[in-house]
Structures are given as structure tokens and as C-alpha cells.
Amino acid sequence: MKLIARGLNANRRWFMKNALAVAGATGAGTRLLADEHSGRLNKGDAAMLRFAAAAEILESDFWIQYNELGGIPDSEVPGGSGNPAYTAALQNLDSDFPQYIHDNTDDEITHFTFLNAYLKSKGAAPADLEQFRTLMGSTATGSSGKLRLTNLMQLTLDTSWWTRYRSSANNPDLDPSFIFPQAVPGLASGQFTAIPRTDADLSPPKHLQAIANTAGFHMPTIEQGGNSLYPSMAQRASSAEVLRILLSIGPTETMHFQTWSDKAGNAVSTPLAPLTDPTNGLTFPDLNSTPFGGETYQTNLIMPEPCPFLSRSLPVCSIIRPTETKGVAMGVVKFLTAMGLFMGQPKPFFELLQDLAAEADNAKRHGGGGDD
Ligand SMILES: [Fe+2]
Ligand SMILES: [Fe+2]
């Protein structure tokens, strides 16, 4: 717990320093900022935004890795120089894949940058994970070789969102013990890389395609999490402006999710599927053929199927699910940890994330009437 304590103390030191700086500032820009953003965040609102910022920092870190190898490095998303063979395998899923990677990466960078700047503008401590930037990433052609916060090379993916969003009968909020089937059961057991670890991963072709397909499923698996996190937290926002922030960022995660779920469909339909990685047996089935197919698996069903919402006595509704607010931040930490995204990080990293999540989950809605 020592490192955690140091991290929190650093946050507190930052808070004191910034509060003093704001109090003593006389510059016109600072006065404008103080006028426009008068009032402080309550503890819960700050904790929810800080957790969101931490999640966005982690998202940015792995999206940057994708962009270095399979995106479009440029002034908006600098770093890396592209890996042509990996990029070509991603483009088998969609010729626009590099552009989509670039734009998703750009979005995540702006999410954490905005959230941290907003926290600072309110005299609250931002999220800072830099002390944990210690992981070696890919050394394949195109990688910048920078140290990373996240690990894309040992992923275990829960692809049950595929059937969860196609189910008209079950909602995880109403049926917490219902098990939604996996789209790609192979990805749920074992550890798989979503990027070429070295140039040795660039062949044989079916191995490289399986790596690209793993990325193709990792992307929506992550984004559906953000898609649930924001509406789940928004229910406990006290300030209308914090509510506005959560309601304005959240749906961009939804736009990412739906785009990527469409691309993932191309990894599990003809002509790419079925495909088996000859090096490890990982299989991407054709989900449009028996024993799959139908509403549970059909690959072009990318709009959310209406399902029960709040109560089965009400009509079904097309919605984001789950949106249960209780414990959502800790749920996200568990989900990302189980995915293997933090493989190689030390215990204090997990303790810090759990601490940020616990504070966010403790946030209570105050003011504005209603159920606070
Ligand atoms: Fe984001
Ligand atoms: Fe995202």
C-alpha cells in the first residue's frame, strides 16, 4: 500500500498546490476560467470524473499502440510508423480500418485530456498513472518502442456482448446470473496477442489474420465497456455540468462500439471465416452458418435488439445494457484486469485503480431534487 499512499499523497499535494495557484492568480485567463467555472465539484463528482480520466488514459495507451502499427501516425496521433503486413490484415476486416483506429485514438486522447483539464479547472486532482508506464510493448516494425501502461499481447476476451446485444429476452441488469454465450469462445480461454509482438508474428498469413481478428474483437469488447460506464455513472452525478460531461462523452464510446462491432462481424463471416490460427488453434467461426446464425449470432445485426428494461411489466426497449450504477467502476477494473490488459503491472497499480474505482463508486447524487 506504500506506493498507493504515495500516489494519493501526490494527488493531494497537487491539489493543494493548484488550489493555492488558483487563489493567488491574477492573470486574465485564470480569472475568466474562475468566472466560467465557479464553484467546486463535490467529492463524488470529482471521483467519478477522475476514474473516467484514468480509464481514458488506459484506453489511450493501448489505442496508441494500435495506431502505431495499424493506424495513421500523424500530428494528431503521433508515434510509430505503421506495420504494412498487420495493416493489410486489419484492412481485410474493412479498408477504412486504419482511419477508424486513428480517429478512435484521437477521441480517447481528448477524453482524458479534457477530463483532467476540467478537474484541474475546478481545483481537483487529475488522474495520473505515469509512474506505471513501465511495460515493454511490441518490437515489430512500426512500433515506437515506447514504454506502455497496457499490454495487448496476452488478452483473454469476453465476447458475450455479441449475444447480450442480440438478446430480446435477457438484460444483465434484470438477469444478473444469465450467461450470454460467447461469439468467439476461443478468445475467452487462453492468452492471445492483438498486435504483432515481433516481426516473427507477421507470418504465416493465417496467424497474422488471427492477430488482426483478435484486435477486431478486442476493440468492440473495450468500447462496449465505455458505452455502459458513462450512463451508469451519470445516474450519480450531482452537478448538471458533470452530468453533461458524462452524457456527452458516453455516446461517443457507443459510436466506437457500434463501428467496431460491425468490423468484428467481418472476422466471423465469409470470406474470412472460418479461420484457425495454425500456431495456437484459435478459431474464428462463421457465425452466419450452423450451429450459429439466427438472431443470437447473425453478423449484420449490429443495432441493439430491444430487451426488457427496468421491469418485465414494461414493454421491451432498445437500450444500452448494463447500466446498473452500483459498483460500476470496480466492475470495469475487474473486467479490464480479467482481460489481461494490465498483465505485467505491479500490485500497487491494481491497488491505485481499485482505490480510484472505490471512490467513484462511493459517489452519491446530491441536489436537483429526486432520489439523492
Ligand atoms: Fe473514451
Ligand atoms: Fe473508448
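Asks: Help me out: how do you make sense of the overall build of the protein chain in this one?
Replies: Along the backbone of the protein chain there are 11 helices and 4 strands. Counting across all 372 residues of the protein chain, residues that qualify as buried make up 45%. Here the contacts in the protein chain between residues at least 6 apart in sequence split such that 73% fall between residues at least 24 apart.

Asks: Sorry, what's going on with the nonpolar core here?
Replies: When a protein is soluble and globular, its nonpolar side chains tend to lie buried together. Ranked by internal contacts, the top residues of the largest apolar core, which has 90 residues, are F51 and A54. Every element with two or more residues in this core is listed here: α3 (43–70), α4 (84–91), α5 (97–121), α6 (161–164), α7 (205–234), α8 (240–267), α10 (328–338) and α11 (347–361).

Asks: For this particular structure, what's the right way to read the packing of α7 against α10?
Replies: For any two helices packed against each other, the geometry comes down to the angle between their axes and how far apart the axes lie. Between α7 and α10, the shortest axis-to-axis distance is 10 Å and the interhelical angle comes to 165 degrees. In terms of their interaxial angle, α7 and α10 are classed as roughly antiparallel. Crossing hand, α7 versus α10: left-handed. Facing G225, L229, S232 and M233 of α7, the residues of α10 in contact are V328, V332 and F335. In the contact of α7 with α10, the residues fall into 5 nonpolar, 2 polar and no charged.

Asks: Just to check I follow, could you spell out the environment of T279 for this structure?
Replies: Positionally, T279 belongs in the loop between β3 (275–276) and β4 (283–284). In this structure the C-alpha to C-alpha distance between T279 and S203, which are 76 residues apart in sequence, comes to 9.9 Å.

Asks: Even after reading the chapter, I still don't get the confidence of the model for the protein chain, so can you show me in this structure?
Replies: Residues shown with low pLDDT carry predicted positions that ought not to be read at fine detail. In the predicted model, the protein chain carries a mean pLDDT of 91, and the fraction of residues at 70 or more is 88%. Low pLDDT, under 50, characterises residues 1–10; the predicted model gives this stretch 7 contacts beyond four residues in sequence or across chains. Across residues 12–37, confidence stays below pLDDT 50; counting only partners more than four residues off in sequence or on other chains, it has 14 contacts.

Asks: Could you clarify how one ought to interpret the packing of α3 against α11 in this entry?
Replies: Relative to each other, α3 and α11 sit at 145 degrees, their axes nearing to 8 Å. Considering only the axes of α3 and α11, their crossing is left-handed. Where α3 approaches α11, its residues A47, M48, R50, F51 and A54 are matched on the opposing element by L353, L356, A357, E359 and A360. By residue class, the composition of the contact of α3 with α11 is 8 nonpolar, no polar and 2 charged.

Asks: Honestly, α11 in this entry has me stumped. Any pointers?
Replies: Given 3.6 residues per turn, any residue in an α-helix points the same way as the ones three and four places further on. Spanning 15 residues, α11 covers 21 Å between terminal C-alpha atoms, matching the ideal 21 Å at 1.5 Å per step. Listed in full, the buried residues belonging to α11 are F349, L352, L353, L356, A357, A360 and D361.

Asks: Quick question: what am I supposed to make of the environment of D286 here?
Replies: On the secondary structure map, D286 appears in the loop between β4 and α9 (294–297). Overall, D286 belongs to the partly exposed group, with 18 C-beta atoms counted inside 10 Å. Counting along the chain gives 102 residues from D286 to V184, while the straight-line C-alpha distance between them is 9.7 Å. Contact partners of D286, with chain neighbours within four places excluded, come to V268, S269, T270, A273 and P274.

Asks: When you look at unusual backbone geometry in this model, what are you seeing that I'm missing?
Replies: Excluding glycine, residues mostly have negative phi values, and the peptide bonds linking residues are mostly trans. Omega for the bond connecting A273 with P274 falls within 30 degrees of zero, at -5 degrees, which places this linkage in the cis form. By the element assignment, P274 lies in the loop between α8 and β3. Going from T290 to P291, the amide bond is cis rather than trans, its omega being 5 degrees. Here P291 is to be found in the loop between β4 and α9. Of note, the phi angle at L310 is positive, near 70 degrees, even though the residue is not glycine. Structurally, the position occupied by L310 is in the loop between α9 and α10.

Basis of the calculations
Residues numbered from 1 in each chain as written. Chains lettered and ligands numbered in written order. Predicted model: local features only at pLDDT ≥ 70, side-chain atom pairs only at ≥ 80, totals over all residues. Helix = DSSP H or I, 4+ residues; strand = E, 2+ residues; numbered from the N terminus. Buried ≥ 20, exposed ≤ 12 C-beta atoms within 10 Å, placed from the backbone. Contact = placed C-beta atoms within 7 Å. Core = buried A, V, L, I, M, F, W, Y, C linked by C-beta atoms within 7 Å. Axes fitted to C-alpha atoms, helices over the stretch in contact; angles between N-to-C directions. Parallel < 35°, antiparallel > 145°, perpendicular 65-115°, else oblique. Left-handed = near helix turned anticlockwise from the far one by under 90°. Nonpolar A, V, L, I, M, F, W, Y, C, P; charged D, E, K, R; others polar. pLDDT = per-residue confidence, 0-100. Expected span 1.5 Å × (residues − 1).

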